[in-house]
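# Per-entry structural report
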Amino acid sequence: MAPQDKNTPPPLPEPLRVAVADSHTHLDMQDCTVEEALAKAASVGVTTVVQVGCDLAGSRWAAETAAAHDRVHATVALHPNEAPRIVLGDPDGWSRQGAREAGGDSALDTALAGIDDMAALPQVRGVGETGLDYFRTGPEGMAAQERSFRAHIEIAKRHDKALVIHDREAHDDVLRILREEGAPERVVFHCYSGDAEMAEICAAAGYFMSFAGNVTFKNAQPLRDALAVAPPELVLVETDAPFLTPAPYRGRANAPYLIPVTLRAMAEVKAVTEDALATAVAANTARAFGY
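Since the model is a prediction, treat every value here as computed from it, not as a measurement.

## Some points on the sheet that holds strand β2 (residues 46-52)
Across the sheet, which stays open at both edges, the eight strands sit in the order β1-β2-β3-β4-β5-β6-β7-β8 with parallel pairing between neighbours. Since the sheet does not close on itself, it has two edges, and those belong to β1 (20-25) and β8 (235-237), each with one partner. Averaged over all neighbouring strand pairs, the angle between strand axes comes to 30°, with direction disregarded. Alignment of strand β5 (residues 162-168) against strand β6 (residues 187-189), held across three bridges, turns out to be parallel. Looking at the pairing, V164 lines up with V188 of β6.

## Regarding the pairing of β5
Counting buried positions along β5 gives six out of seven residues, so the element sits mostly inside the fold. Two elements, strand β4 (residues 124-133) and β5, share six bridges in a ladder whose sense is parallel. Bridge pairing in β5 places V127 opposite L163. Crossover handedness for the path β4 to helix α5 (residues 142-159) to β5: right-handed. The β-α-β motif built from β5, the intervening helix α6 (residues 171-181) and the parallel element β6 has right-handed crossover chirality.

## Overview of the packing of aromatic side chains
If you walk through the whole model with that rule in mind, you get two aromatic pairs. Ring plane angle 35° and centroid distance 5.8 Å describe the contact between F189 and Y207, whose orientation is recorded as tilted. In this pair, F189 is assigned in strand β6 and Y207 in the loop between α7 (196-205) and β7 (208-211), connecting sequence segments 18 residues apart. Considered together, F189 and Y207 belong to a single accessibility category, that of buried residues. Centre to centre, the rings of Y192 and F211 are 5.4 Å apart; their planes meet at 45°, and the pair counts as tilted. Here the residue Y192 occupies a position in the loop between β6 and α7, and F211 occupies one in strand β7, the gap between them amounting to 19 residues. Considered together, Y192 and F211 belong to a single accessibility category, that of buried residues. The side chain of R168 reaches across the aromatic face of F135, ending 3.6 Å from its centre. When the ring centre of F217 is taken as origin, the NZ or CZ atom of R250, which lies over that ring, is 3.7 Å away.

## Quick notes on the pairing of β7
Across the two faces of β7 the burial is the same, with F208 and S210 and M209 and F211 all buried. In this structure, β6 lies alongside β7, joined through two bridges in parallel fashion. Following the sheet pairing, V188 is matched in β7 by F208. Considered for its hand, the β-α-β crossover made up of β6, α7 and β7 is right-handed. The sheet contact formed by β7 and β8 spans three bridges and is parallel. Looking at β8, one finds that S210 is bridged to L236. Taken together, β7, helix α8 (residues 221-229) and β8 form a β-α-β motif whose crossover is right-handed.

## A word on the layout of surface pockets
Put simply, the largest pocket is a space of about 800 Å³. Together, 26 residues line the largest pocket, and H79, R136, H166, R168 and D240 are the ones closest to its centre. Listing elements by their share of the lining of the largest pocket, those giving two or more residues are α3 (82-88), β4 and β5. If one sorts the elements of the lining of the largest pocket by residue count, β5 sits on top with three residues. Of the residues that constitute the lining of the largest pocket, the class distribution is six nonpolar, nine polar and eleven charged. Taken as a whole, the second largest pocket holds about 350 Å³ of empty space. Together, 18 residues line the second largest pocket, and P9, D31, A253, N254 and A255 are the ones closest to its centre.

Parameters at a glance
- Residues numbered from 1 in each chain as written.
- Predicted model: local features only at pLDDT ≥ 70, side-chain atom pairs only at ≥ 80, totals over all residues.
- Heavy atoms only, no water.
- Pairing = 2+ DSSP bridges.
- Helix = DSSP H or I, 4+ residues; strand = E, 2+ residues; numbered from the N terminus.
- Axes fitted to C-alpha atoms, helices over the stretch in contact; angles between N-to-C directions.
- Buried < 20%, exposed > 50% of the residue type's maximum accessible area, 1.4 Å probe, protein only.
- Right-handed = clockwise from strand over helix to strand, strands pointing away.
- Phe/Tyr/Trp six-rings, centres within 6.5 Å; stacked < 30°, edge-to-face > 60°.
- Lys NZ or Arg CZ within 6 Å of the ring centre and 35° of its normal.
- 1 Å grid on protein atoms, 1.4 Å probe; cavity = no way out; pocket = protein on both sides within 12 Å on 5 of 7 lines; lining within 4 Å.
- Points joined across faces, edges and corners; volume = space filled by probe spheres on them.
- Nonpolar A, V, L, I, M, F, W, Y, C, P; charged D, E, K, R; others polar.

Right under this line is the structure:
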């Protein structure tokens with residue numbers, strides 16, 4: 001692929017016949033207005049999006065955007081990588097807020113109180129993305145991540161909202177903490193990354209599994225095996241845009257309008273028709289997020 005292709009948005013896919021939702025997107029990180037993104041998505045049958053918060057500012061933006069657009073639902077949270085930055089500081093300024101001083105546990109408590117306030121809003125349908133990330137955060141950040149995750153579980157339960165989980169290289173600990181705390185009624189594993197065995201554990205617990213564009217990647221056979229055993233009533237589809245663009249557009253910016261590409265690949269894995277999977281996914285997303 002020529003380098004200039006990276007900046008060319010992928011073409012519009014063939015529209016879906018049955019409208020679906022993008023269960024996890026980051027419109028605030030995409031190169032267009034919310035209105036443009038929603039119009040482009042709706043033109044191919046993606047009529048609803050769940051806008052996900054990762055920090056206080058992003059959660060506030062998600063709540064405001066959902067309040068302004070009927071087809072947008074919000075989730076609010078401190079991302080697992082955000083919690084250690086608040087507690088330990090972020091001298092390199094890797095996050096979007098730039099370099100930050102260490103604030104300790106009291107700063108995390110203050111931030112969690114802000115998430116708790118926003119979780120009460122009617123347009124906020126979920127608490128997330130929260131969870132554990134052992135890929136980007138080293139052992140020194142684990143305590144902050146875990147404390148934040150447990151607090152988000154409690155917030156989701158108290159407000160009766162879906163819990164949206166970010167689980168990166170931390171499957172066993174995420175499942176253990178859910179058991180220890182008692183999971184909320186509705187749990188969504190965003191960008192599901194476990195294997196078929198874990199999919200069976202999630203299915204037994206009634207957890208939703210949301211599959212992203214990486215299910216189309218060549219090396220993603222374990223993900224496809226997991227999708228194959230995931231019960232149709234617990235499967236969601238997402239972009240995680242602008243990340244995880246499905247093949248053959250990997251490396252370019254993802255957006256909600258590319259959901260049909262991933263959904264068609266998923267239907268093939270599950271050996272069902274595109275319409276049957278879209279119908280299930282649309283109902284599942286509405287059930288998961290209570291809209």
